[in-house]
Structures are given as C-alpha cells and as structure tokens.
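Chain and residue survey
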Amino acid sequence: MTAMQTVPRAAADGGTGGSRGVAPANGATRPGEREARRRAQRIRQQLVAWGFIAPVAIYMVVFYAYPLFRNLDLSFRDYTLASFITGEAPLVGIANYLEVFRSPTFWPALGNTAVFTLGSIVVQFALGLALAVFFYRRFPLSTTLRALFLVPWLLPLLVSASIWAWMLNSDSGVVNAALAVFGIPQVNWLTSPQTSMLGVLIANIWIGIPFNLVIMYSGLQNIPDEVYEASSLDGANGWQTFWRITFPMLRPVSAITLLLGLIYTLKVFDIIWIMTRGGPGDSSTTFAIWSYRLGFGGGSPDLSPAAAVGNLLIVIAFVFGIIYIRTQRTTEDAS
Amino acid sequence: MDKNRTARIVGATVLSGVFVAAALTGCSSTPSDNNAGSTEYTLWDPYPDRDASSDWAKAIDACASDIGITIKRNAGNTGDTVKDLTTAAAGKLPDIAMVDNPKVSTLADAGLLTTTDDNGLDVSDIQENILTAGQIDGKTYGVPVGANTLGLYYNPAVLEAAGVDIASVTDGASLTAALEKVVASGKKGITFSAVGTEEGSFQFLPWFWGAGADLTALDSSEATSALTLWTDWVKNGLAPQSVLQNTQGTSWDEFKTGEFGFAENGSWFKADADAAGYQVIQIPGEDGKAAPAPTGGEFITIPIQKDTSRYATSVKIVKCLTEGNTGADSLGYIAPTAEGQKAQLASDPSLEFWVTAVGDAKPRTADNLGIKYGTISEQLYTAVQNALSGGSSPADALATAQKAVDEKLG
C-alpha cells in the first residue's frame, strides 16, 4: 500500500503546488479548506487504487469466493431437484456431513483416497527423480528420450485412460497377454475388487511421471557444479553424492512437487471414472468419484451430500497446504 | 494513517456497492415471458448427433408446417436432468421437452411438467405398457415418442458349430447349457453390459423380472436366483470379465467379433444385426415364457408455461410427432401407437419381432415406483457389480442393496 501511495502523492503535490500560485497569501487564513482538499485528494487516490485492484478482486470473488461459498452453503442445506424450481432449500446444519460420515462408503472411500494419493505421489516422485538424475548426465539422444517421456503428459486424459483400460482388459488386454507369456494366470485388473485400485494406480502413476521428471530435472540444474566437484575431490561415491548433496539440495523443489502432486492427485476423477467408474462396488471409489456419484451418477441426485464430500476434499488439500507453508517457514528460519 | 483508513473504507464500500448492484441485477433479470402469443415454439431434444438434415429434424419441420407454426429445435438440452432444471430455473422452459423415460417422474416430481389434465392431451391411442413410464399416481406427464427394448441376439454360425438348437433355449438353465456347449466348441458364451451405471440395471432387469423378482424387494430369493445366474456365467467363464466394464456399445463390439454365441442388446442394433446375419429371440424368463424387458426411449413432455394458451398448440405438436410412424421411424424406435406400428410393419415386416418385444416390455419406473427408481437402480447395479466381481455373494450383495434402499427411502 505504501509503495502505491508514494508515487501518486508526490505527483499530486507537484500539481497542487503549481495551480496555487497565489496560495501562500491565503493559505494561512484557510487551513480548513486545505485540509478538505487534501482529504478529497486522498479519497480520489484511494478510489483509483481500488479501481486498479477491482479487476482481480472481481475475478477472485466471482470465480473463487462465490463458488466456494455456494458449495459450503449447498452442503448445509437440503438441496433437491425441486429446489431449482422453488428456490427453497431448508438449512439442515451438519446433517449432510453426518450422512456422509455414516455412509458405508465413507471409510472405503477415505482409504482409497489415501492409497491412491499416497501411492501415486510416492511412486511418481521416486521414478521422476530417478529419471531426472538419469537424464542429468547428458548422453547421446538424451534430449530426445527425455522429450519422449513427456508424451503421457501431452495426451488428453480421456485417451490415456481409455488406452489403459483396454490394455488392462481381463480377457483381451495386452498386459494379461504379456503376463501369460511368463505363465502368470489372468489378472482381472479392473474387474476384481482386489486389484482395481492397483489398475488405476498404475495408469495414474504413468501419467504423473513426466510432471515430476520435468520439475526435478530443472531443480537439478540449480545445484551448483562446485558442490559436486568438491564432493568428488573428497572421494564421495555416486550413492553418497546423491544422498548427501543432490537429495538435500532438492528439498525445496521436492516439497513443492509433492504438494502439487498431492493436490492434483486428490482431485483425480477422469482416469478412475473412465477405467472403473469407481467399481467394482466401491473398490476404487475415491472422494472425488464419490462426490460425482452422489451428485450426478445415480438416478436420484444427492446434491448436498455431494457438496459435503467435495468440501472434505478441499479441507484435506487445505490442511496439506498449511503443512507445506509451515515447513517452508521453518526451513527458512533455520537457514 | 487514520484518514487513509477512512478513504480506504470509502473505496471498499463503493466497490462492494458495485458487486451488490451487479448481483441484484443478475438475479432480477428474469427473462420476460418472451413468446407470449408468438407462433414460434421451442422444442428440446437430447439428440445433438441429429442435425438439421436428419429425418428427425425433418419430421419436426413437417409438423410445424402442418400446424402453421415454427418450431425452434434445441438439441442436447435434455440429456441431463439436473442441468435441465438449472436452465429451467432461469425461467425459460421450452414448450416441448423430450426426456429419457425414467427421468420423467423426476421432472414431474419437481413440478416442471403439465399433466394431460392441464394440457388436454389425449393419450388413449398410446400403447398402455409403454405409457406407464410417464404415469405417477394416476396422472400422465407425457407420451413416448417411441420405444426400444432388449432382446437376446445370437450368432447362428457359432451355435450351429457348437450344436446348439436355439429352440432349446427357453429359460436360464437351458441357456446356461447352450452357453456351455458354445464354450466347449472353442467360442465364447455371452456378452452383455453389467457396468456400474444405469445401463447395468437396464441390462439386468429382464433377468430380474424374468425370475419373478420385484424392484421393491431387491433381496428376494427370485432376485438372488437371477443374480446367481449372471454371477455363475462370469465365474465359470461363460461370460467374459469385460461385462463388468462394457457399455452396451462395447458389448456389441465384442459380439461383432463373431466369437460370441449370444449377446443381450437393444433393438437399435437391428440393422447392424441384419447385415451380419445375427438372429434374435426374446430373453427367456424362468417360467419358460419371454421375460419382460425394460423399455428405452424418450418421452415428449409439455413443461409448465405462464401463458397456458400455448398448451393447445403444444398438444398438436405432440400428437403430430407420436401419431403416425414418422417420429418413431426417424429415431429408430417402435411406434407408440397401434396405428404407427401397423405402418412400420407394412414397410418393414422384419420389425415384427421388436414390435412384439416392445409389447411385452415394461418401463423401469412402472409399478408406481416413480422417482424411487433412481435410488433402487443405483443399488441394483452396485449389487450386480459386487456379485460379478466376486466381492460378495449374490445374496449378500442384494441384501446390502435393499438395506441401502430402505435407508435412503425410509
């Protein structure tokens, strides 16, 4: 705020000084007027300042604050199809949340969300980092290969998910055909409650690796060469170099990658919906899928419980966001 | 600093004033009753794939010129009930809305649709069993533009090679025996769609109803026997695992590989089946007779208007689209009236089978289930998924489903 005010005030003072050529004679006699003028000036400056903020403020309110507020509002009401017509939706307090917590789907969905999210980001991160380190040492064709690794990222999710669904098809999928070569019996990847989560996890990990690869690769490039030189002079082997230098120095990048990965994976919907529709039963139903099922999946839309589940997702993402900021702060304080 | 604060508050107040004003105008801009007395009528249908040159669009235009009005067609609006209603909440209900039949009761319950008492539509010529999907508590909220239903397609070449006589397939046990022969001959048994959506319920219902089960009691022994039939097929390799993910479209693709003996699918694949030389029978029920299959197809409804004088013309439009066979033909449905069916048979005698099948069919929301059907169906396809995937036994899956229905509807 101060920075914004300094410039216009200096300019304004210059202006008033010029316009009041005869002011010194009258100035002493009318301090009230000068005060009033100054106030008007200040208000005008404020309005101008608000005018500049307005576009982003309006944008935030219309596209973030209002929808969020509406979703919260929706979750505390009993919103039915008839509500669209009558505009009436009685407030029911936390009844929707209680319904969600008591639902037999709640615990499986929570467990699935945890497994899917943690499983995805841990493996994506490990493989992404390993590949980044691998590609950091330039070798012939490394750029081409690295570019090829980005393909999963470029494909529309609909395409990737459909192809994975075909590949993991129990009877005619290429994965089972390949396993059969080694004498492994048919695995019902997407149609068995025991393996459906594994099936969608594999697809999601494959899709997420390029993102981790790209960010970790750029992180690696920020590590100064001198550190590596010094460690090699000290006789560190490859393993020690990685754990003592590369990994610790990648900490800030790793933290943001994991956080983004977490938020991204929490809300993954399309891959699971296309591959298994959250089934069989609830076996691959995460919160995102459950929310959609409640709101739009069945014949009877439960809009308010769906909003409640959506809000739980937001809370989870928010909690991890806070954890991230706090750890960020402690590391900054420490350094 | 204090003065700055005052100034800032003034600014913030002005800004929020703008918001409030914008919000208020946004809310109060209710659309005017735009077409009072206008001869332009609006029709919403869920067929975005049928463009202005399609038979369906032409059928609408023909009706419009017969009545001496213009009909503005808006395709793709009624695919999603929730979305419809949101749009409708803005106050712009169309004169005619075409709605998938199980959703009629939902819209009616929300108070969106006129009854035949309100609009004066005569429904006496509409085939009784199809019409019930639009009836709740004795009131009729719309008429079918036509209907389709499911049958049991078979590949004569595969059956012949396996030594199966199609006449022997009269109930679940004889069908299972036929499937075993087909599999023994090195081919695959049967494909269908047991996907975890409404399509899964749609496909399961003939077996469910055929066993004598009722949607009001999902955990009955009849229901269990129907689900056990399906589960055992998957367990014993007579049906592929992919049925758990198949939509009716992908299931048909499987059948068209020529590897399968049987496929449960809809009348909409008739032309495809004829071309490939596939035959079809009605799905066998447990009593040896044909099982009632669910009806598919859209209903033509007349949503509530402020200007009630518009209903008279809307009724004419509905009549025009349902009376003969042009409307049904253009959408690939069996006509909803005896007269229309007669005309369809005259031009294509091979429709005989499907006309009979539609006559034996049953709407999903029948038995006055109305909006309860949505909840029941969701639990039904979940139970099917749980049983077929081996997650739980058919009896347990159905018991859980009925418990969930009771909790939701209780």
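Residues numbered from 1 in each chain as written. Chains lettered and ligands numbered in written order. Predicted model: local features only at pLDDT ≥ 70, side-chain atom pairs only at ≥ 80, totals over all residues.

1. Quick look at the overall build of chain B
When you go through chain B residue by residue, the secondary structure sums to 18 helices and eleven strands. Out of the 410 residues in chain B, the part that is buried amounts to 51%. A separation of at least 24 residues holds for 74% of the contacts in chain B among residues at least 6 apart in sequence. (Helix = DSSP H or I, 4+ residues; strand = E, 2+ residues; numbered from the N terminus. Buried ≥ 20, exposed ≤ 12 C-beta atoms within 10 Å, placed from the backbone. Contact = placed C-beta atoms within 7 Å.)

2. A word on the overall build of chain A
In terms of regular secondary structure, chain A is built from 17 helices and zero strands. Residues classed as buried in chain A amount to 31% of the 335 residues present. Put simply, of all contacts in chain A between residues at least 6 apart along the chain, 69% involve residues at least 24 apart.

3. Brief notes about the domain arrangement of chain A
Residues and elements named next belong to chain A. When its domains are assigned, chain A resolves into domain 1 (24-75) and domain 2 (96-334). A C-alpha centroid distance of 44 Å is found between domain 1 and domain 2. Counting residues at the interface gives four residues for domain 1, matched by seven residues for domain 2. Split into classes, the residues belonging to the side of domain 1 that touches domain 2 amount to two nonpolar, two polar and no charged. (Domains from an automatic or database assignment. Nonpolar A, V, L, I, M, F, W, Y, C, P; charged D, E, K, R; others polar.)

4. Things to note about the domain arrangement of chain B
Residue and element names in this part refer to chain B. Per the domain assignment, the segments of chain B are domain 1 (40-144 + 296-360) and domain 2 (150-294 + 367-409). The partner domain 2 presents 17 residues to the 14 residues of domain 1 that form the contact. Classifying every residue of the side of domain 1 that touches domain 2 by side-chain character gives six nonpolar, five polar and three charged.

5. Things to note about the sheet that holds strand β7 (residues 150-154) of chain B
Residue and element names in this part refer to chain B. Pairing is mixed across the open sheet formed by four strands, whose spatial order is β8-β9-β7-β10. Looking at which strands have only one partner, the edges of the open sheet turn out to be β8 (188-191) and β10 (279-281). The mean inter-strand angle of the sheet, taken between neighbouring strand axes irrespective of direction, is 25 degrees. Bridge count for β7 against strand β9 (residues 260-266) is five bridges, and the pairing is antiparallel. The residue of β9 that forms the bridge with Y154 is F262. On the sheet, helix α11 (residues 248-255) packs against β7, β8 and β9 and is oriented at approximately 155 degrees with respect to β9. (Pairing = 2+ DSSP bridges. Axes fitted to C-alpha atoms, helices over the stretch in contact; angles between N-to-C directions.)

6. Digging into the environment of D214(B)
You can see D214(B) is positioned in the loop between α9 (198-210) and α10 (221-235). In this structure the C-alpha to C-alpha distance between D214(B) and P102(B), which are 112 residues apart in sequence, comes to 17 Å.

7. Observations regarding unusual backbone geometry
Backbone geometry places R277(A), a non-glycine residue, at a positive phi of 55 degrees. Along the chain, R277(A) turns up in the loop between α15 (270-275) and α16 (287-297). When the 24 C-beta atoms within 10 Å are taken as the criterion, R277(A) is described as buried. Phi angles above zero are rare outside glycine, and D137(B) is one such case at about 50 degrees. With respect to the secondary-structure elements, D137(B) resides in the loop between β4 (135-136) and β5 (139-140).

8. Describing the environment of I281(B)
The residue I281(B) is located in strand β10 in this model. Dropping the residues within four chain positions of it, I281(B) is found in contact with G151(B), L152(B), I166(B) and V169(B).

9. What to know about helix α17 (residues 372-388) of chain B
Residue and element names in this part refer to chain B. Taking 1.5 Å as the rise per residue, α17 with 17 residues should run 24 Å; its terminal C-alpha atoms sit 24 Å apart, in good agreement. With 15 of its 17 residues buried, α17 lies for the most part within the structure. G390 sits one or two positions beyond α17 and adopts a positive phi of about 85 degrees. (Expected span 1.5 Å × (residues − 1).)

10. Things to note about the sheet that holds strand β11 (residues 298-301) of chain B
All names here are of chain B. Pairing in this open sheet of five strands is mixed, and the strands run β2-β1-β3-β11-β6 from one edge to the other. The open sheet is flanked by β2 (70-75) and β6 (143-144), the only strands paired with a single partner. On the sheet, helix α4 (residues 101-109) packs against β3 (96-100), β6 and β11 and is oriented at approximately 120 degrees with respect to β3.

11. Brief notes about the confidence of the model for chain A
Residue and element names in this part refer to chain A. Scored by pLDDT, chain A comes out at a mean of 83, with 89% of its residues at no less than 70. Across chain A, the secondary-structure element scoring lowest on mean pLDDT is helix α1 (residues 2-19), at 42, and the one scoring highest is helix α6 (residues 106-136), at 92. Taken as a whole, residues 1-25 scores under 50 in pLDDT and shows four contacts with residues more than four places along the chain or in a different chain. (pLDDT = per-residue confidence, 0-100.)

12. Describing the pairing of β2(B)
Residues and elements named next belong to chain B. In β2, alternate side chains face the same way, and those of I71, R73 and A75 are buried while those of T70, K72 and N74 on the opposite face are not. The pairing of strand β1 (residues 40-45) with β2 spans six bridges and is parallel. Looking at the pairing, T42 lines up with K72 of β2. Traced from β1 through helix α2 (residues 55-67) to β2, the parallel crossover comes out right-handed. (Right-handed = clockwise from strand over helix to strand, strands pointing away.)

13. Re the environment of A288(A)
Residue and element names in this part refer to chain A. Relative to the helices and strands, A288 resides in helix α16. Spatially, the C-alpha atoms of A288 and D270 are 9.5 Å apart, while their sequence positions differ by 18 residues. Setting aside residues no more than four positions away along its own chain, A288 makes contact with K267, V268, F269 and L313.

14. A word on the confidence of the model for chain B
Residues and elements named next belong to chain B. Residues with a pLDDT of 70 or more make up 87% of chain B, whose mean pLDDT is 85. The low-confidence segment residues 24-36, where pLDDT is below 50, has eight contacts with residues more than four positions distant or belonging to other chains. Reported confidence for the predicted complex is 0.73 by ipTM and 0.78 by pTM.

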